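Given next are the chains, with one letter for each unit.
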Amino acid sequence: RSSHYYWTIDNINIFELPAYDIKQVNLWMADVNNGLEYTSFPANQMSTLTVQSPLLNSGVGAPTNIAMEITTFDGSNTIIDGPVEGGSLLIGSLNSGERDTITFATAIDLSGYALGDYTVRSVIKYDETDEVTANDTVFRTFKVVENSMGHDNFDLSMTTNQIGYTNDSK
């Protein structure tokens, strides 16, 4: 009989962080820090597109000139607007291990969009080379309808590889 606990440590993994790796955690169809997200809009209340995304720096270095590249697709996966690039960080820096939120009030005018489903693709860009590009791209869907507005997110899943797109170029 013993009065002590004995711990065993096993399967330790040690790895180096990449020099640069910015991960887009999510994508919202609004500036959710200042309001609510809507993913269903009446056609007569459409305006310009604002998107927001929380970011995580999983790399060692602090990237410079972080921006979102936004492209919109219609229901048949045809590009109808963009890509446009811009945005600003809430805190203003993204050092190793830090989180921040980027907001981009684009000039994409949604008021002429017909009734139907649309997809927004966001790709994080910055001056340095991202070593893990699989987490740079996210998608968000929204719909234009006749008379209702909704907060429902009808995405089946938010993936980083919809519409046959992979972010292999930098």
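Our subject is the structure listed above.
Let me begin by describing the structure that accompanies this report. Quantities reported herein were computed from a predicted structural model and do not represent experimental measurements. (Residues numbered from 1 in each chain as written. Predicted model: local features only at pLDDT ≥ 70, side-chain atom pairs only at ≥ 80, totals over all residues. Heavy atoms only, no water.)

### Concerning the overall build of the protein chain
For the protein chain, the count of helices and strands is zero helices and nine strands. Ordered by position in the sequence, the α and β elements of the protein chain form the string β-β-β-β-β-β-β-β-β. Looking at the protein chain as a whole, 41% of its 170 residues qualify as buried. Across the protein chain, every contact between residues at least 6 apart in sequence was considered, and the portion connecting residues at least 24 apart equals 71%. (Helix = DSSP H or I, 4+ residues; strand = E, 2+ residues; numbered from the N terminus. Buried < 20%, exposed > 50% of the residue type's maximum accessible area, 1.4 Å probe, protein only. Contact = heavy atoms within 4.5 Å.)

### A look at the side chain of Thr106
Its location among the elements puts Thr106 in strand β7 (residues 99-109). What makes Thr106 buried here is its relative accessible area of 5%. A distance of 2.7 Å separates a polar atom in the side chain of Thr106 from the backbone oxygen of Leu49. Contact partners of Thr106, with chain neighbours within four places excluded, come to Thr48, Leu49, Ile70 and Val84. (Polar contact = N/O pair within 3.5 Å; in protein donor to acceptor, adjacent residues only side chain to side chain.)

### Comments concerning the side chain of Thr72
Following the sequence through the fold, Thr72 ends up in strand β4 (residues 67-73). Judged by relative accessible area, which is 0%, Thr72 ranks as buried. Look past the residues within four positions of Thr72 in its chain and what remains in contact with it is Leu49, Thr78, Ile79, Ile80, Asp81, Ile108, Tyr113, Thr119 and Val120.

### Structural notes on the packing of aromatic side chains
In this structure the tally under the stated criterion is five aromatic pairs. Taking 6.4 Å as the distance between ring centres and 50° as the angle between the ring planes, the aromatic pair formed by Tyr20 and Tyr126 counts as tilted. With a gap of 106 residues between them, Tyr20 in the segment before β1 (22-24) and Tyr126 in the loop between β8 (116-125) and β9 (137-145) connect regions that are remote in the sequence. Tyr126 gets classed as buried once you look at its relative accessible area, which sits at 7%. Plain terms: the ring middles of Tyr118 and Phe142 are 5.4 Å apart, the flat faces sit at 20° to each other, and that makes the pair stacked. With Tyr118 in strand β8 and Phe142 in strand β9, the pair connects residues that are 24 residues apart, well separated along the chain. Residue classification places Phe142 among the buried positions, given a relative accessible area of 0%. Taken together, Phe41, Tyr113, Tyr118 and Phe142 form an aromatic cluster joined through their ring pairs. (Phe/Tyr/Trp six-rings, centres within 6.5 Å; stacked < 30°, edge-to-face > 60°.)

### Considering unusual backbone geometry
Omega for the bond connecting Gly82 with Pro83 falls within 30 degrees of zero, at 5°, which places this linkage in the cis form. For Pro83, the position within the fold is in strand β5 (residues 79-86). We note that Asn77 has phi near 65°; this positive angle belongs to a residue other than glycine. Position of Asn77 relative to the elements: it lies in the loop between β4 and β5.

### Side note on the sheet that holds strand β6 (residues 88-89)
In spatial order, the strands read β1-β3-β7-β6; together these four strands make up an open sheet with antiparallel pairing. Edge strands, defined here as strands with exactly one partner in the open sheet, are β1 and β6. Where strand β3 (residues 48-57) lies against β7, eight bridges are found, and the strand directions are antiparallel. For Val51, the partnering residue across the bridge sits in β7 and is Phe104. (Pairing = 2+ DSSP bridges.)

### Quick notes on the environment of Leu55
Locating Leu55 in the fold gives a position in strand β3. Overall, the relative accessible area of 1% leaves Leu55 in the buried class. C-alpha of Leu55 to C-alpha of Ile102: the two residues are 47 residues apart in sequence and 7.2 Å apart in space. In contact with Leu55, not counting residues within four places along its chain, are Ile22, Lys23, Gln24, Ile66, Leu89, Leu94, Glu98, Arg99, Asp100, Ile102 and Ile124.

It is worth stressing that arrangement in space is one thing and function is another; only the former is reported here.
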